[in-house]
Amino acid sequence: MDYQLELKQIVDFPRCRIYRDFVRSLIADKSIRTNGSSFLFYYIVLCSYANYRSSYRRMEHITYLVGPGEWICTLADLQSWFRCRFQHQAVSILNQLEKQNCITYSLLEKNKVVKFKITDWQKDNTFLEYNCPCKKDTGFFFFPIARVHEFISMGKCSEMDILLDMWIHAIYNDPSVQGSYSAPVVYYRNHTGNPLTSFQTLGDRWSHSKATVSRILKKFEENNLITLISFKGKHGSMIYLNYYLSVMFDISDVMIDKEEIAMQLQLPIHVPENKEDFCVSESVTEEQITVSEKDSCVPESHMRFIIQKVAELLKTQGIPCCECPKTQYILSPLSACNSELNQYTLSIICPYGNKAYQFELTVHPQDAPAIPIPSGVTDRALEGGE
């Protein structure tokens, strides 16, 4: 049986940025292919090497002044970064980026040395005018999202372009984007706040077929780069980025639960028909749950399963009572059973007289009128005894 739950939370919106060492790790990952006609990867590579501020760099017994947004390297280095077989291919990529007004560059020392400059570096990244040695392997830079759309629309995206496109469009802890407070979710800013997408939509964006998009995302999932959550029917899929929190914010990554995501998006949650197939945390036992015997459209066994899933979600949100094996969960209906709307009260009672919580569940039927779907949850704290 399918049910639907939603739990809302007010969260913060982070700034978009890219870490240099993350880009360097992608350059070294040979399992991700770079062949394609979109130049997003190449441009981001150049941005990752651009200078923070003016400094001096000595090459071929000559000392060069490298300003903010600039860098100087050998053509062989550039060939290695771009993963080109020949150096003239790397120069061709620079020519294309220069045509797009993304960079300017010059070849020095009989075409052995390349000096390039990011055109809009000062617009997107603040820099200091004074000269100072700077580290090239740490820190982050801000990347204009408008540039991403320009490169993505240029042609067929490589696997590396696709991964970077998802990385740049990851949203975490944004109250206007559903499902983003659980983990970093890929959202392409379509003004709906809903990150659900389809392989056809992604194929149109990346200039690939649905089958190719499915293959690439499956490859990323097998390499533990993403977590792909697909829902039944025409609801679509959601893409979560693994390691995003550890790279961007230096905090531990989180586990992603499909039922938790479905609660937030008001999508169906499957409740197994056989009790033996129930898969919930053992931290909430049958003895802790009390379901009122008043008239209800939802079977008691299903409501117990839902309460256990809600308890798991609240535990991840930091409510300590949901970690206690003696906490009591009491569910009582607030309205009579009907085909349109059913309301329940879920009380979480602390056995030690500390703080207690109360939630309101609004239940709507889906598919069969006799089987409703919990869709709304709001939280208000109750006063507990001393």
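Residue indices begin from 1 for each chain and proceed along its sequence in written order. In keeping with the model being predicted, local features are shown solely for residues with a pLDDT of at least 70 and side-chain atom pairs are shown and tallied solely at 80 or more, while totals for entire chains, interfaces and linings include all residues. Remark: hydrogens and water are excluded; side-chain values derive from all non-hydrogen atoms of the structure.

**Quick look at helix α6 (residues 145–152)**
Classification of residues uses two cut-offs on accessible area relative to the type maximum, computed with a 1.4 Å probe and protein chains only: under 20% is buried, over 50% is exposed, and between them is partly exposed. By definition, any uninterrupted DSSP run of H or I lasting at least four residues is a helix, any uninterrupted run of E lasting at least two residues is a strand, and each is numbered from the N terminus. When α6 is considered as a whole, its buried residues turn out to be R147, V148, F151 and I152. Within α6, the buried residues cover an arc of 130° as seen down the axis, which keeps them to one side. What makes two residues a contact is simply this: any of their non-hydrogen atoms within 4.5 Å. Of the surrounding elements, those touching the buried residues of α6 are α2 (40–49), α4 (87–99), α7 (159–168) and α8 (199–206). This arc describes the spread of directions from the helix axis toward the C-beta atoms.

**Considering the packing of aromatic side chains**
Note on aromatic contacts: the rings of Phe and Tyr and the six-membered ring of Trp form a pair at centre separations within 6.5 Å, being stacked when their planes are under 30 degrees apart, edge-to-face when over 60 apart, and tilted otherwise. Considering all chains together, one arrives at 13 aromatic pairs under this definition. Summarising the aromatic geometry, the rings of Y42 and F82 are spaced 5.0 Å apart at their centres and angled 65° between planes, so their arrangement reads as edge-to-face. Here Y42, found in helix α2, pairs with F82, found in helix α3 (residues 75–82); they are 40 residues apart in sequence, far enough to count as distant. You can call Y42 buried: its relative accessible area is 9%. You can call F82 buried: its relative accessible area is 0%. One aromatic cluster in this structure is built from F22, W167, Y172, Y244 and F249. By definition, being over a ring means that NZ of Lys or CZ of Arg is both within 6 Å of the ring centre and within 35 degrees of the ring normal. Sitting above the plane of the F140 ring, R17 keeps its charged end 4.8 Å from the centroid. Positioned over the ring face of Y52 is R20, at 3.9 Å from the centre of the ring.

**Things to note about the environment of L202**
In this fold, L202 is placed in helix α8. In contact with L202, other than residues within four places in its own chain, are Y188, T197, V213, L217 and I239.

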